Amino acid sequence: MIQLHQISKIYNQGKTNAFQALHKIDLKIADGELVAIIGTSGAGKSTLLHILACIDSYESGEYYIDDTLVKNCSEKKLAQIRNKKIGMVMQDFALVDDFSALQNVMLPLDFSKSKVSEKKEKCLKALQAVGMEKFAHHQSNKLSGGQKQRVAIARAIVNEPSIILADEPTGALDSKTSSEIMELFKSLNDAGRTVIIVTHDMKIAQQCKRVIRIEDGKIVD
Ligand code: ADP
Ligand code: ADP
């Protein structure tokens, strides 16, 4: 369960260019939901997603993941939450170009003390889940956009997080490939994960079980 209570985000606080990007956001997302966050450019979607991902701070309010109050967490605990509870997928894939698919999927396991053979097995399982096991040893920058996003999704799920956060995951893909990637998110959701997708593609949003619209830093719908 994710719970935001009266979350406000101000960029450049105290400076003349201070800007309030989120205004007292209240939001509850239960385990296993499939949620789209929509809104025009600049509405605050990415800011909200970055707060949910524990990679952005906020000026006031409370954010709970399950029973953990995020603002009370040490850096170590936050790193653990980001690594184990949350998988992130970005519009531009954010892969290391000259790494293979497998090496990219291995990145979140860098700090794990498991044996290399066990880590490899986990990565291959994640690649298999996204239909990319045959491409494990292909260099990432030789893959198509859709294949890159599949590898990025494999990397997001390799630690078996309960929450997947995606920022415009289909923004760089054609519509056929977008549908395929959306099918993949739906299957990850069917398997019990919470999936939250920022998008301005209504075709993607319509396939989610719940749509949250934000405008000027407020939830309006
Ligand atoms: P969206 O994802 O909906 O396009 P963002 O969350 O990226 O919106 O941005 C919301 C608002 O906050 C925008 O007006 C944007 O210019 C501003 N903003 C985002 N990041 C920063 C930043 N690092 N510094 C200052 N303003 C920012
Ligand atoms: P998106 O539309 O996907 O949110 P943006 O192009 O708005 O992407 O933002 C890309 C990056 O630029 C983000 O990391 C955001 O924090 C930063 N950014 C956006 N607006 C501003 C701004 N006004 N000042 C400084 N950084 C900004």
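You'll find the protein chain entered in an unreviewed UniProt entry as ABC transporter, ATP-binding protein, with Ruminococcus callidus ATCC 27760 given as the organism.

Enquirer: Help me out: how do you make sense of helix α1 (residues 45-52) in this one?
Expert: Three or four residues apart is the spacing at which side chains of an α-helix point the same way, because the helix has 3.6 residues per turn. Burial analysis of α1 places six of its eight residues in the buried class, the great majority of the element. Residues Lys45, Thr47, Leu48, Leu49, Ile51 and Leu52 constitute the buried set of α1.

Enquirer: For this particular structure, what's the right way to read the site of ligand 1?
Expert: Close to ligand 1 lie Tyr11, Asn12, Phe19, Ala21, Thr40, Ser41, Gly42, Ala43, Gly44, Lys45, Ser46 and Thr47. Measuring from an oxygen atom of ligand 1, one finds a backbone N or O atom of alanine 43 at 3.1 Å. At 3.0 Å from an oxygen atom of ligand 1 is found a main-chain nitrogen or oxygen belonging to glycine 44. Taken by itself ligand 1 offers 560 Å² of open surface, and the protein chains cover 62% of this. Sort the elements by how many residues they give to the shell around ligand 1 and α1 lands first, with three residues. Here the shell around ligand 1 is built from residues that sort into four nonpolar, seven polar and one charged.

Enquirer: Explain the layout of surface pockets to me, please; I cannot follow it from the model alone.
Expert: Gaps between atoms show up when a probe of the same size as a water molecule is rolled over them. The space that makes up the largest pocket amounts to roughly 490 Å³. Lining the largest pocket we find 19 residues, and of these Ala79, Arg82, Asn83, Lys84 and Pro108 sit closest to its centre. Counting only elements with at least two residues in the lining of the largest pocket, the list comes to α2 (75-84), β6 (86-90) and α5 (145-157). Sorting elements by how many residues they give to the lining of the largest pocket places α2 first, with five residues. Its residues placed into classes, the lining of the largest pocket shows eleven nonpolar, five polar and three charged.

Conventions used here
- Residues numbered from 1 in each chain as written.
- Chains lettered and ligands numbered in written order.
- Predicted model: local features only at pLDDT ≥ 70, side-chain atom pairs only at ≥ 80, totals over all residues.
- Heavy atoms only, no water.
- Buried < 20%, exposed > 50% of the residue type's maximum accessible area, 1.4 Å probe, protein only.
- Helix = DSSP H or I, 4+ residues; strand = E, 2+ residues; numbered from the N terminus.
- Near = heavy atom within 4 Å.
- Polar contact = N/O pair within 3.5 Å; in protein donor to acceptor, adjacent residues only side chain to side chain.
- Areas by Shrake-Rupley, 256 points an atom, 1.4 Å probe, with all protein chains shown as cover.
- Nonpolar A, V, L, I, M, F, W, Y, C, P; charged D, E, K, R; others polar.
- 1 Å grid on protein atoms, 1.4 Å probe; cavity = no way out; pocket = protein on both sides within 12 Å on 5 of 7 lines; lining within 4 Å.
- Points joined across faces, edges and corners; volume = space filled by probe spheres on them.

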